Amino acid sequence: MLFSVHVDVQLRPGIADPQGSTIERSLPTLGFPGVSGVRVGKSIKFEIEAADETAARSEVEDLCNRFLTNPVIEDAAIELEAVVAA
Amino acid sequence: MTARVGVVLFPGSNCEFDVIEAVKTVGGDAEILWHGDATINGVDAVVVPGGFAHGDYLRPGAIARFSPVMEAVQRFAGEGGPVVGICNGFQVLTEAGLLPGALQKNRGLKFICQMAELRVESTECVLTSATALGDVLRVPVNHFEGNYTCSPETLAELQGNDRIVLRYVTNPNGSIDDIAGVCNEGRNVVGLMPHPERAISALLGSVDGVPLVRSLLQSVATTV
């Protein structure tokens, strides 16, 4: 089965996000004074072939831990969906 | 016997010839190790130099750590061989799990290129054995992601086991506990953000990198 995968990588809570805070600081100048908690992450999309959803998820988790994220500073949220042949 | 130092070259490394020059200036021999070869050619010590290996894509060091040469470096480090990661090389060694922690973007989101003062906090490792405790060395830093971070448990372990080998006198990048360089448990793997290879000649502003390179060359005699 083919699954489409979306991995959302975010810095872990407590890890400084200078990009996010720089964006946040610039917003009042642009006329958006009420925005807070800006965090910048990465969105990674791909497709994976696996026997079933459980197998696909476990492979993606492994991939995230070993390569797509650095677990010391980042967390990954995984969304996974079976691709239905058209 | 002249110590032979292997300097790993990834696509995007840019300090490899500076390291080779520095090693030769201090009396060693040095050669390039190609990232695609699964061997370190029998060298006595390995330096992973600075630069932007694989364009720093995904994260600095994330792709470089899977290079064939890194398996050989891992094995060498496991056998007690001296391995030093400078700047991007430090990032590669943390990604490879040879050193704890990670390097995040500098506090202030600025690329920093300046002279830094480093205090020797431990002389018990392959990069500082020829220095004296408390020595202050002037060595340049040149990085965007040099803000060292780790879990509170890891920090306690580093502090408790004398594994923080260099600290910034004035913290330029937000590194936790002013950390500029750390070593592994075996004290044969060291990572640091500053560039000792750029502090080898008075003409370039400092010769304080010399004792660091000399330490590495001397460590060969004791570990091989």
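Keep in mind that this is a model prediction, so the values were computed, not measured. (Residues numbered from 1 in each chain as written. Chains lettered and ligands numbered in written order. Predicted model: local features only at pLDDT ≥ 70, side-chain atom pairs only at ≥ 80, totals over all residues.)

### Some words on the overall build of chain B
Scanning chain B from terminus to terminus reveals 5 helices and 11 strands. Taken over the C-alpha trace, chain B has a radius of gyration of 15 Å; the compact-globule value for 224 residues is 17 Å, and the two agree within 12%. By principal-axis analysis of the C-alpha atoms, chain B measures approximately 40 × 35 × 35 Å. Burial status across chain B gives 57% buried among its 224 residues. Partitioning the contacts of chain B with sequence separation of at least 6, the portion at a separation of at least 24 is 76%. (Helix = DSSP H or I, 4+ residues; strand = E, 2+ residues; numbered from the N terminus. Rg over C-alpha atoms; globule rule 2.2 N^0.38 Å. Buried ≥ 20, exposed ≤ 12 C-beta atoms within 10 Å, placed from the backbone. Contact = placed C-beta atoms within 7 Å.)

### Quick word on the interface of chain A and chain B
Contacts between chain A and chain B engage 9 residues on the former and 13 residues on the latter. Sorting elements by how many residues they give to the side of chain A that touches chain B places helix H1 (residues 18-26) of chain A first, with 3 residues. Considering only residue class, the side of chain A that touches chain B consists of 6 nonpolar, 3 polar and no charged. (Nonpolar A, V, L, I, M, F, W, Y, C, P; charged D, E, K, R; others polar.)

### Overview of helix H1 (residues 16-25) of chain B
Residue and element names in this part refer to chain B. Buried within H1 are the following residues: Glu-16, Val-19, Ile-20, Ala-22 and Val-23. Buried residues of H1, seen end-on, are gathered within an arc of 165 degrees and therefore sit on one face of the element. Gly-27, located one to two residues past H1, shows a positive phi value of around 110 degrees. (Arc of directions from axis to C-beta.)

### A word on the pairing of strand S3 (residues 45-48) of chain B
All names here are of chain B. Alternating residues of S3 divide into Ala-45 and Val-47 and Val-46 and Val-48, and every residue in both groups is buried. Note that strand S1 (residues 4-9) and S3 share 3 bridges and pair parallel. What sits directly across from Gly-6, in S3, is Val-46. Bridge count for S3 against strand S4 (residues 83-86) is 3 bridges, and the pairing is parallel. Its bridge partner lying in S4, Val-47 is registered against Val-84. (Pairing = 2+ DSSP bridges.)

### Details of the environment of Glu-157 of chain B
Here Glu-157 of chain B lies in helix H4 (residues 152-160). For the pair Glu-157 of chain B and Ser-175 of chain B, spaced 18 residues apart in sequence, the C-alpha separation works out to 16 Å.

### What to know about the sheet that holds strand S2 (residues 42-49) of chain A
All names here are of chain A. One open sheet accounts for 3 strands, arranged S2-S1-S3; its pairing is antiparallel. Pairing within the sheet leaves two strands with one partner each, and these edge strands are S2 and strand S3 (74-82). Here the average twist between neighbouring strands, direction ignored, is 20 degrees. In this fold helix H2 (residues 53-68) packs onto strand S1 (2-11), S2 and S3, with an angle of close to 150 degrees to the strand it touches most, S3. (Axes fitted to C-alpha atoms, helices over the stretch in contact; angles between N-to-C directions.)

### So, the confidence of the model for chain B
For chain B, mean pLDDT is 96; residues scoring 70 or higher make up 98% of the total. Across the whole predicted complex the pTM is 0.91, and at the interface the ipTM reaches 0.80. (pLDDT = per-residue confidence, 0-100.)

### Considering the nonpolar core
Counting 74 residues, the largest nonpolar core has Val-7, Val-8, Val-46, Val-73 and Val-190 of chain B as its most contacted members. Residues contacting Val-46 of chain B, with those up to four places away along its chain left out, are Gly-6, Val-8, Ile-40, Val-73, Phe-76, Gly-81 and Val-83 of chain B. Phe-3, Val-7, Val-60 and Cys-64 of chain A belong to the second-largest nonpolar core, a separate cluster that totals 5 residues. (Core = buried A, V, L, I, M, F, W, Y, C linked by C-beta atoms within 7 Å.)

### Digging into the environment of Glu-74 of chain A
Residues and elements named next belong to chain A. Looking at the secondary structure, you find Glu-74 in strand S3. For Glu-74, a count of 19 C-beta atoms within 10 Å puts it in the partly exposed group. C-alpha of Glu-74 to C-alpha of Ser-4: the two residues are 70 residues apart in sequence and 22 Å apart in space. Each residue touching Glu-74, except ones within four places of it in the same chain, is listed here: Val-9, Gln-10, Leu-11, Arg-12 and Thr-69.

### With respect to unusual backbone geometry
Glycine aside, residues mostly have negative phi, and peptide bonds are mostly found in the trans state. Residue and element names in this part refer to chain B. Phi at Cys-87 is positive, roughly 60 degrees, even though this residue is not glycine. As for its position among the elements, Cys-87 is in the loop between S4 and helix H3 (88-95). On the neighbour-count criterion, Cys-87 (28 C-beta atoms within 10 Å) is buried. With a phi close to 55 degrees, Asp-177 is a non-glycine residue in the positive phi region. Relative to the assigned elements, Asp-177 resides in the loop between strand S9 (164-168) and strand S10 (179-183). For Asp-177, a count of 15 C-beta atoms within 10 Å gives the class partly exposed.

### Looking at the sheet that holds strand S7 (residues 136-143) of chain B
All names here are of chain B. Read from one edge of the open sheet, 9 strands run S2-S1-S3-S4-S11-S10-S9-S6-S7, paired in mixed fashion. Looking along the sheet, the strands with just one partner apiece sit at the ends: strand S2 (29-34) and S7. Looking at each pair of strands side by side, their axes are set apart by 25 degrees on average, direction ignored.

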